[in-house]
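A closer look at the structure
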Amino acid sequence: MLQDRLRALPREQLRGMRRGIEKESLRTQPDGALAQTPHAAALGSALAHPHITTDFSESQLELITGVHDSAEVCLQELTHIHQFVLRAIGDELMWVGSMPCGLPAEQEIPIGRYGTSNIGRAKTVYRNGLSWRYGRRMQAISGIHYNWSMPGLGNTEYFSLIRNFRRHGWLLFYLFGASPAVCSSFVAGRRHPLKELRPGTLHLPHATSLRMGRLGYQSDAQSSLVVSCNDLLAYGKTLQQGLTRVYPPYEKIGISEPGALGDGPETYRQLSTTLLQIENEFYGKIRPKRRIKPGERPLHALRERGVEYVEVRLMDLDPFAPVGITAPVMRFLDVFLLHCLLTDSPPDTPEDIACESRNQETVAQRGREPGLKLGCFPGDMGLREWSGKLLAECEPVAAAVDAALGGNAYREAHAKQVAVLRDPMLVPSARVLVEMQRSHQGSYTDFICGLSRKHRSTLMAQEIPREEEERFARLAAESLEKQKQIEAGDTLPFEEYRKKYLAVERLGI
């Protein structure tokens, strides 16, 4: 069946694959402590810059590429953005690990600031809500989002891909997870299952991605939200429940500080008391996406104009790669997503979704455990056996892409992961633990800090093309001006803006 679908796929369609990257990184001081400085003015406006912004924290950069027709060109732009940023932040480092650096007290982790406009203030209030709901430490985790599309696909095809990705995405945890250890400051005052590797460093011996396990992007509240991906109608219905259903623990938090006067962002605790404040709060490993118009709700855009691309959200930063990812990994992601698209994808059920979640959590926390078995599809099976089956099915997909594009880069990217599967010590999570012990006496902070300095030196030594440097400088200046225009154009009081933006009719029922 897969071979038949591959043969039926026009080469022009394969050549039309597009990808882009959103990459998060904490800014740290040279010694690895979290930087407390504001977003550098030389980088432009975090609100309005198309490529350089911040994520949860003012200290957490988010770098965004454009949409590209090849992995190499996408990686090149990401590299140029890094080079420009590093030149603008002085002696600060970009932390190359997904799990945070040494963190200060919870309330000393600075929340992102986006100016005085209503949309800028809403961004900060949303982050206040995340802080109240999940804590600031969890939000300081960083990763890579891989945005992917192919021409000729509609809602049915994209949701079929998403269902299979949820079934098999644990394979990416195993092959690319790179966060088996963490600084002990991350779990200060919390109960946890981690084991001490040395003072200041905790780990799980067989973990692949603590970032995607129970300590990372998890929410007991969201676990009650079973989001079906059988079609756009079902997805929109279940997501809307989270966006409109008041959640009692969040209702107790309240919208604003008790007795607060005025409507500044510091007086607001969260945007709403619903299970999800806005769509972005849904912690899916993969999400259907559509570019939005100014002021438009993402769910409305999906319902109005359909899925445009998928956003893969489970990739850890690769600490061994200067910009967190490599072109061969991007090519393997292309192959894996095509496999998800082209193989049979039965409808999901609540039981399936729960089992898939258990598989993902198991691999995140115990993926390198000898003899590990997973359930659901096609029943209990050893991780290595199931991984081998999936990789074997991916082989003709890689060959088909090479036939369409020329060369053998996709087969090489696939072959590399076949080799990694044969030797468990080659997966990034194992390499991280080995190098931590070998070179840094088991210290997570020293290990990541050392690689952060190394990659900074590498990128700073490379010449950034003058036209690229000038482009980013121009975009920075333009973004500052755009922020001023947005702020000058506001007419509504913030409270009125908040209520209007969150109105249920704006979800495109």
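The following paragraphs examine the structure supplied in this document. Because the structure is a prediction, the values reported are computed rather than measured.

**Regarding the pattern of salt bridges**
Tallied over the entire structure, the rule returns 28 salt bridges. Of the charged contacts, one joins E72 and R331 as a salt bridge, the two residues approaching to 2.3 Å between their closest N and O atoms. Of this pair, E72 sits in helix α3 (residues 71-88) while R331 sits in helix α11 (residues 327-342), and the two are 259 residues apart along the sequence. Linked by salt bridges that have partners in common, R287, K289, E311 and R313 make up one network.

**Topic: the sheet that holds strand β6 (residues 181-183)**
Spatially, the three strands line up as an open sheet ordered β6-β8-β7, and their pairing is antiparallel. In this open sheet, the two edge strands, each paired with only one partner strand, are β6 and β7 (195-198). On average, each strand axis in the sheet is tilted by 40° relative to the strand beside it, whichever way the strands run. Across the sheet, helix α15 (residues 428-440) touches β6, β7 and β8 (201-203), and the angle it forms with β7 is around 35°.

**A word on the environment of I141**
One can find I141 in the loop between α5 (136-139) and β5 (144-149). Taking the C-alpha atoms as reference, I141 lies 8.8 Å from G97; in sequence the two are 44 residues apart.

**A few points about the pairing of strand β1 (residues 18-28)**
Burial within β1 is extensive, with ten of its eleven residues counted as buried. Both β1 and β5 contribute to a ladder of six bridges, which runs antiparallel. Bridge pairing links G20 to N147 in β5. Pairing of β1 with strand β4 (residues 93-94) involves two bridges; the strand directions are antiparallel. Following the sheet pairing, R27 is matched in β4 by M94.

Rules behind the numbers
- Residues numbered from 1 in each chain as written.
- Predicted model: local features only at pLDDT ≥ 70, side-chain atom pairs only at ≥ 80, totals over all residues.
- Heavy atoms only, no water.
- Salt bridge = Lys/Arg side-chain N within 4 Å of Asp/Glu carboxyl O.
- Helix = DSSP H or I, 4+ residues; strand = E, 2+ residues; numbered from the N terminus.
- Pairing = 2+ DSSP bridges.
- Axes fitted to C-alpha atoms, helices over the stretch in contact; angles between N-to-C directions.
- Contact = heavy atoms within 4.5 Å.
- Buried < 20%, exposed > 50% of the residue type's maximum accessible area, 1.4 Å probe, protein only.

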